[in-house]
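Next come the chains, spelled out residue by residue.
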Amino acid sequence: MSESSAEVVAAVASATGAAANWRRATGIAGAAIGVIAAGAAAGVAIERMTVGRGMRQKARLALDSAGPYGSLRGTPGRAYADDGTELYYEVDDLDPEAALALTPRRRRLFGRKAPAPVTVVFSHGYCLNQDSWHFQRAALRGVVRTVHWDQRSHGRSGRGVAQTQEGTHVDIEQLGRDLKAVIDAAAPEGPLVLVGHSMGGMTVMALADQYPELIRERVVATAFVGTSSGKLGEVNFGLPVAGVNAVRRVLPGVLRALGQRAELVEKGRRATADLFAGIIKRYSFSSRDVDPAVARFAERMIEGTPIDVVAEFYPAFADHDKTEALAHFTDMPVLVLAGVGDLVTPSEHSEAIADLLPDAELVLVPDAGHLVMLEHPEVVTDRLADLLTRAGAVPAGATVSGYGSTSSTAQRG
């Protein structure tokens, strides 16, 4: 199995209602759905029984209309991958006037001087989009130049041309080339800081593997958040041994089949929204007091990923192995950060990355799951600000002490 089981599990489980007859025809899919849904939903079933379905639907609508998350927009641009796929990105430029008129919090973070001409490029994870960096984008806006982009077939980017025309699966190497195309279009010169979450971190590794000269000549710092350099096939996602073994055997075939019936599956996902939301919460967050608006924001991003896209990307993670590529990051400041409660890319994978980058800062965040940048944004923003300071992108005298309420809970390696 591989990364972002939250979306894979939810997509398969949510297909049950609308595709019952077809599922019986496929045979083994029924067993897989039962194993996955039972294991993933057990932790949220009691919570869901205490609130009426109608009330939950009204709450989702209210959160959709009121939540500010994902509302930040920058200057739009488009890059084109080597297979012609359109890749959407947005740039938040450095604002000299804003840098002089920072709020007290931002003055504590970055000081009053204009940052160095560095571009920070954020790469998001599987079944998410660029808005998953909402809190960090808000904190850095106007203080340093940033680029946020949507991976192929995600967000506002176009569907992968090779996938739609040739029926090929995505591989991590392709994502690395996509990132290179975005950098060439949005930040063709000047120093870079690369920040990647989950699949986005793997994308950064694939970039280094294929373009080591770019890393050597232009990248001044890197952050790997909740990601892995390989061995994702060994992850059990918090499922019992019997369940995870069954899932590993049948899930790839089930996903291929569901991907061929995308329209039917999407109807099923809408019909089983409650189960879907519970599974996402289990695999995205670890703490019990997550802001409901943040949880709904994550749900919207994940449910916005079509099932055929889920199926196209899924095989890439089992094959992902970029351990050797980490050597390209040894001569720069590196942040490796993960949630201790991450069921998708367990924190042990981040520890393994840090072991190969002994000068990296390793930050393990207690009571945090896979979407740590949304669950504990103050910790992630603090450590990114410190990374930018060490890289010379912000004034050396800047301090991040006192920012947020839970940063002191992080454990640094």
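As a reminder, the structure under discussion sits directly above these lines.
Worth saying up front: this structure is predicted, and the values here are computed from it rather than measured.

S.K.: When you look at the packing of aromatic side chains in this model, what are you seeing that I'm missing?
M.R.: One pair of aromatic rings is described through two measures. These are the centre distance and the angle between the planes. One pass over the structure, following the stated rule, counts six aromatic pairs. Grouping aromatic residues by their ring pairs yields a cluster made of Tyr69, Phe135 and Phe297. A cation over an aromatic ring shows up here: Arg282 above the ring of Tyr283, its NZ or CZ 5.5 Å from the ring centre.

S.K.: Would you mind showing me how to read the pattern of salt bridges here?
M.R.: A pair can form between side chains of opposite charge whenever their charged atoms are brought close. Counted under the stated rule, the structure contains 20 salt bridges. The shortest N-O distance in the salt bridge between Arg383 and Asp386 comes to 3.2 Å. Highlighted residues: Arg383 and Asp386, both in helix 20 (residues 377–390), separated by three residues, approximately one helical turn. One network of salt bridges, in which partners are shared, links Arg73, Glu90, Asp92, Asp131, Arg137 and Arg141.

S.K.: Looking at this structure, I do not really get the packing of helix 10 (residues 172–186) against helix 11 (residues 199–210). What am I missing?
M.R.: Packed helices, taken two at a time, are described by the angle between their axes plus the distance between the axes. Helix 11 packs onto helix 10 with a crossing angle of 80 degrees between their chain directions and a minimal axis gap of 7 Å. With respect to helix 11, the element helix 10 is oriented roughly perpendicular. Two secondary-structure elements touch here, helix 10 through Ile172, Glu173, Leu175, Gly176, Arg177, Leu179, Lys180 and Ile183 and helix 11 through Met199, Met202, Thr203, Val204, Ala206, Leu207 and Gln210. Looking at the contact of helix 10 with helix 11, its residues break down into nine nonpolar, three polar and three charged.

S.K.: Got a minute to help me understand the pairing of strand 3 (residues 119–123) in this structure?
M.R.: For a regular strand, side-chain orientation follows a simple rule: the groups alternate between the two sheet faces. The buried fraction of strand 3 is high, at five of five residues. Residues Thr119, Val121 and Ser123 point to one face of strand 3 and Val120 and Phe122 to the other, with burial holding for every one of them. The sheet contact formed by strand 3 and strand 4 (residues 145–149) spans five bridges and is parallel. Opposite Val120, over in strand 4, you have Thr146 as the bridge partner. This β-α-β element, strand 3 to helix 8 (residues 134–140) to strand 4, shows right-handed connectivity.

Thresholds, definitions, all that
- Residues numbered from 1 in each chain as written.
- Predicted model: local features only at pLDDT ≥ 70, side-chain atom pairs only at ≥ 80, totals over all residues.
- Heavy atoms only, no water.
- Phe/Tyr/Trp six-rings, centres within 6.5 Å; stacked < 30°, edge-to-face > 60°.
- Lys NZ or Arg CZ within 6 Å of the ring centre and 35° of its normal.
- Salt bridge = Lys/Arg side-chain N within 4 Å of Asp/Glu carboxyl O.
- Helix = DSSP H or I, 4+ residues; strand = E, 2+ residues; numbered from the N terminus.
- Axes fitted to C-alpha atoms, helices over the stretch in contact; angles between N-to-C directions.
- Parallel < 35°, antiparallel > 145°, perpendicular 65-115°, else oblique.
- Contact = heavy atoms within 4.5 Å.
- Nonpolar A, V, L, I, M, F, W, Y, C, P; charged D, E, K, R; others polar.
- Buried < 20%, exposed > 50% of the residue type's maximum accessible area, 1.4 Å probe, protein only.
- Pairing = 2+ DSSP bridges.
- Right-handed = clockwise from strand over helix to strand, strands pointing away.

Honestly, that's just the spatial picture; any functional story needs more than this.
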